[in-house]
Amino acid sequence: MRIMAQTAMVMTLDKCLGCHTCSVTCKQAWTNRAGTEYVWFNNVETRPGQGYPRRYEDQEKWRGGWKLNRRGNLQLKSGNRLQKLFGIFASPVQPHLDDYYEPWTYDYENLVAAPASDDFPVAKPKSLITGADTKVEWSANWDDSLGGVEATEAQDPVLQKLRRDSEDRIKLDFEKTFMFHLPRICEHCLNPSCMAACPSGAIYKRAEDGIVLVDQDQCRGWRQCITGCPYKKIYYNHKTGKAEKCTFCYPRVEVGIPTVCAETCVGRMRYIGIFLYDADRVTEAAATPDEKDLYEAQLDLMLDPNDPEVQRQARADGIPDDWMEAARKSPVYKLAKELRVALPLHPEYRTMPMVWYVPPLSPIVDLLSTQGHDGQDLDVLFGAIDSLRIPVEYLAELFTAGDTEIITNVLRKLAAMRSYMRDITLGDQADESIAQAVGMTGAQMYEMYRLMAIAKYSERYVIPTAHTEDAHNLEEMGCSLDGDGGPGMGQMGGLGEASGRPMPVAVENFATLKARQTADSPAGASEMSGRVNLLNWDGNGTPYGLFPESSSPGSKGEPR
């Protein structure tokens, strides 16, 4: 047994508002650069829907993730080593720009500089890739406006699979089903297929916290990783010729700060914590023959931090005591392993994902309430869970490889928690039979309520800081995500190689925007064509063009 630590996240979908605040703040922090116009490390999808990029779950087409070969061993769906060697110079199977969307802006210059006319000027959409006029037809969450209508039902891969499996039983009557939001980031898997697919070895999994990163100096732009990732959370930067992905905000995590998406989440639906797992058994668990057993196999990898034997082995494997303490307080361990209400996204991909989800119950409650039923009554809720087959089967295809029993048990626990806590809130005696009906105790039911409903900041984010003795190991060499011209973004060769000298990245890199705003010398004056962007000026210094030149004799054109 070899114990390692993994930083992980749990999202409770009942509390997701679909506001996209997480997407916007992530975009501003990490992908607000040339070459990443279409890139969303964090996006929020509306389900039912096609996802982003479109139909990324169709692995028959995209060939992402792992499969078992005839010997029962793991093999990339995109091909074995020999197949990948012969096709290394061919274009890999990957989404086109249309599957993402052609990023655009609007011709605001026409609004400002249009001559006087009887007609109102308009701001045409312009492609950020070509600069030409474009037509807006798709974006990162086009399903948000179309969710639950016939315009998208035929394209949802999960609904198509349900239709194939039970054509006579399942009917796409969206008035009887529900819509929910599904935020997605890189899964930072225990068995990442993107890392195995990379020919240049640029993708690696950090030993200290399990975060998966791309070494920008090592990346050669083969794009095999895009094919290998079944979640399609690796993107190609068309300017640098390199792959980029979610970094789990590692500079923040190293100093104990949650990721940007979690920090800014309006619904407080994200939890970050530590898992301890047996690294020697990851391949064995991922090779579990039956896809429906992969969830339990992944749970078995997660070790109990309160077990004395686990504690002893963890110390022998170099895990610090404060990380052990964080593992014992970890909200993700409680929700996934102890309470068993958080589930992995598409475990059938065999990547052992480390971003888990608590499936939504609210739409069922809302439906019952609109029909005149008591939406908090346990018997009514249990009956609704059993009768609403489409939602349960749909959720099962997302989180349990089609095993509806696991989804039903999770939804029953969530329903029982509501009924159990309603009695307490109304001042009645707690009914222990409610907890017992779902195999829990009253104390566990209250603990689940506290964690999911009223947990404080320090309970939702239990993030141990990096140790000074590991500082050198934590210096990520060649991250291009700091700004234009930063490390990993210079000295471009024909294939994207020789991308500049290695440079350590620290938490101070998040202050690069502030440094540009507060510099005494003007930033991007040539790009502004003589205009001054007051949003990027805080009063320090005098940007050129802010004040008109003096016309007094002998002034030599100096600003006032």
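Just so it is clear, the model here is predicted, and its values are computed rather than measured. (Residues numbered from 1 in each chain as written. Predicted model: local features only at pLDDT ≥ 70, side-chain atom pairs only at ≥ 80, totals over all residues. Heavy atoms only, no water.)

What to know about the overall build of the protein
The line we're drawing: Numbering of helices and strands starts at the N terminus; helices are DSSP runs of H or I of at least 4 residues and strands are runs of E of at least 2. Categorising residues by exposure relies on relative accessible area from a 1.4 Å probe, with only protein chains included: less than 20% of the type maximum marks a residue as buried, more than 50% marks it as exposed, and the intermediate range marks it as partly exposed. What makes two residues a contact is simply this: any of their non-hydrogen atoms within 4.5 Å. The accessible surface values rely on the Shrake-Rupley method and a 1.4 Å probe; as for residues, cover is taken only from the protein chains in view.
Helix and strand counts for the protein come out as 25 helices and 14 strands. Counting over 560 residues, the protein shows a buried share of 51%. A fraction of 70% describes how many contacts in the protein between residues 6 or more apart in sequence connect residues 24 or more apart. As presented, the protein carries roughly 26100 Å² of accessible surface, and 51% of it is formed by carbon and sulfur atoms.

Some points on the packing of helix 21 (residues 404-425) against helix 23 (residues 442-453)
Which entries qualify depends on this criterion: Here an angle of 0 to 180 degrees is reported between the N-to-C directions of two axes, which are lines fitted to C-alpha atoms, with helices fitted over the stretch in contact. By the definition adopted for this analysis, an angle is roughly parallel if under 35 degrees, roughly antiparallel if over 145, roughly perpendicular if from 65 to 115, and oblique otherwise. Each residue receives one of three labels: charged for Asp, Glu, Lys and Arg, nonpolar for Ala, Val, Leu, Ile, Met, Phe, Trp, Tyr, Cys and Pro, and polar for the others, Gly being one of them.
Running from N to C, helix 21 and helix 23 point in directions that differ by 95 degrees, and their axes come no closer than 10 Å. Relative to helix 23, the element helix 21 is oriented roughly perpendicular. Only G442, M445, Y446, M448, Y449 and M452 of helix 23 make contact with helix 21, whose side of the interface consists of K413, L414, A416, M417, Y420 and M421. For the contact of helix 21 with helix 23, the residue count by class is 10 nonpolar, one polar and one charged.

Overview of the sheet that holds strand 12 (residues 270-278)
The line we're drawing: Being paired, for any two strands, means DSSP has found at least two bridges between them.
In space, the four strands of this open sheet follow the order 12-1-14-13, with mixed pairing throughout. At either end of the open sheet lies a strand with only one pairing partner, and these are strand 12 and strand 13 (343-344). Here strand 1 (residues 3-12) pairs with strand 14 (residues 355-358) via four bridges, running parallel. The residue bridging V10 from the neighbouring strand is W356, located in strand 14.

Let's talk about the packing of helix 17 (residues 331-338) against helix 23
Defined as follows: Handedness of a crossing follows from how the near helix is turned relative to the far one, being left-handed for an anticlockwise turn of less than a right angle and right-handed for a clockwise one.
For the pair helix 17 and helix 23, the least separation of the axes is 11 Å and the interaxial angle reads 130 degrees. In terms of orientation, helix 17 lies oblique with respect to helix 23. Both helix 17 and helix 23 take part in a crossing whose hand is left-handed. Between helix 17 and helix 23, the residues in contact are P331, K334, L335 and E338 and E447, L451 and M452, respectively. Tallied by class, residues from the contact of helix 17 with helix 23 come to four nonpolar, no polar and three charged.

Describing the nonpolar core
In plain terms, the rule: To qualify as a nonpolar core, a set must consist of buried Ala, Val, Leu, Ile, Met, Phe, Trp, Tyr and Cys residues joined through side-chain atoms within 4.5 Å.
Counting 118 residues, the largest nonpolar core has F275, L335, W356, F399 and M445 as the members making the most contacts within it. Here this core takes 10 residues from helix 21, the largest share from any one element. Here L335 is in contact with V10, Y271, R340, V341, A342, L451 and M452, once residues within four sequence places are set aside. A5, L276, V310 and M324 belong to the second-largest nonpolar core, a separate cluster that totals 13 residues.

Structural notes on the packing of aromatic side chains
What counts, and what does not: Note on aromatic contacts: the rings of Phe and Tyr and the six-membered ring of Trp form a pair at centre separations within 6.5 Å, being stacked when their planes are under 30 degrees apart, edge-to-face when over 60 apart, and tilted otherwise.
Scanning all chains against the criterion turns up 17 aromatic pairs. Here F275 and W356 contribute two aromatic rings whose centre-to-centre distance is 6.3 Å and whose plane-to-plane angle is 55 degrees, an arrangement assigned as tilted. Separated by 81 residues along the polypeptide, F275 in strand 12 and W356 in strand 14 bring together distant segments of the chain. By relative accessible area, which is 1% here, F275 ends up buried. Here the aromatic cluster, defined as three or more aromatic residues joined through ring pairs, consists of Y38, F41, Y52, Y100, Y101, W104 and Y235.

Some details on the confidence of the model for the protein
In low-pLDDT regions, the fine details of the predicted coordinates are not to be read closely. Quick reminder of the rule: As a per-residue measure, pLDDT tells how confident the predictor is, with possible values from 0 to 100.
Scored by pLDDT, the protein has a mean of 81; 73% of the residues are at 70 or more. Across residues 167-175 the pLDDT falls below 50, and counting only partners more than four positions away or on other chains, this stretch makes 14 contacts in the model. Of the regions scoring below 50 in pLDDT, residues 555-560 engages in six contacts with residues more than four places distant in sequence or in other chains.

A closer look at the environment of A197
Within the secondary structure, A197 sits in helix 9 (residues 193-197). When neighbours within four sequence positions are excluded, A197 is seen to be in contact with L76, K84, Q224, C225 and G228.

Description of the pattern of salt bridges
As a working rule, side chains carrying opposite charge can pair if their charged atoms are close by. Selection rule: Any Lys or Arg side-chain nitrogen found within 4 Å of a carboxyl oxygen on Asp or Glu counts as a salt bridge.
Taken as a whole, this structure holds 20 salt bridges when the rule is applied. For R184, the salt bridge is made with E45, and the minimal N-O distance between the two is 2.7 Å. One end of the pair, R184, is in strand 7 (residues 180-184); the other, E45, is in strand 2 (residues 43-47), and 139 residues separate them in sequence. What makes R184 buried here is its relative accessible area of 0%. The salt bridge partner of D133 is K126, with a shortest N-O separation of 2.6 Å. Looking at D133, the relative accessible area reads 45%, which means it is partly exposed. A single salt-bridge network, built from bridges that share partners, covers E45, R47, E57 and R184.

Considering the pairing of strand 7
Within strand 7, five of the five residues are buried, which leaves the element mostly enclosed by the surrounding structure. With burial as the criterion, each face of strand 7 is covered, one bearing F180, L182 and R184 and the other bearing H181 and P183. Here strand 2 runs beside strand 7; their pairing, made up of five bridges, is antiparallel. Bridge pairing in strand 7 links T46 to H181.

What about the state of the cysteines?
Spelled out, the test is: Disulfide assignment relies on a single distance test, namely cysteine sulfur atoms paired within 2.5 Å.
Applying the stated criterion across every chain yields a total of zero disulfides. With no disulfide of its own, C189 lies 6.3 Å from the sulfur of C186, the closest cysteine sulfur. A residue is classified by how much of its surface remains accessible, and C189, at 8% relative accessible area, is buried. C249 provides the cysteine sulfur closest to C261, a residue in no disulfide bond, and the two sulfurs are 6.1 Å apart. Note on C261: relative accessible area 6%, which makes it buried.

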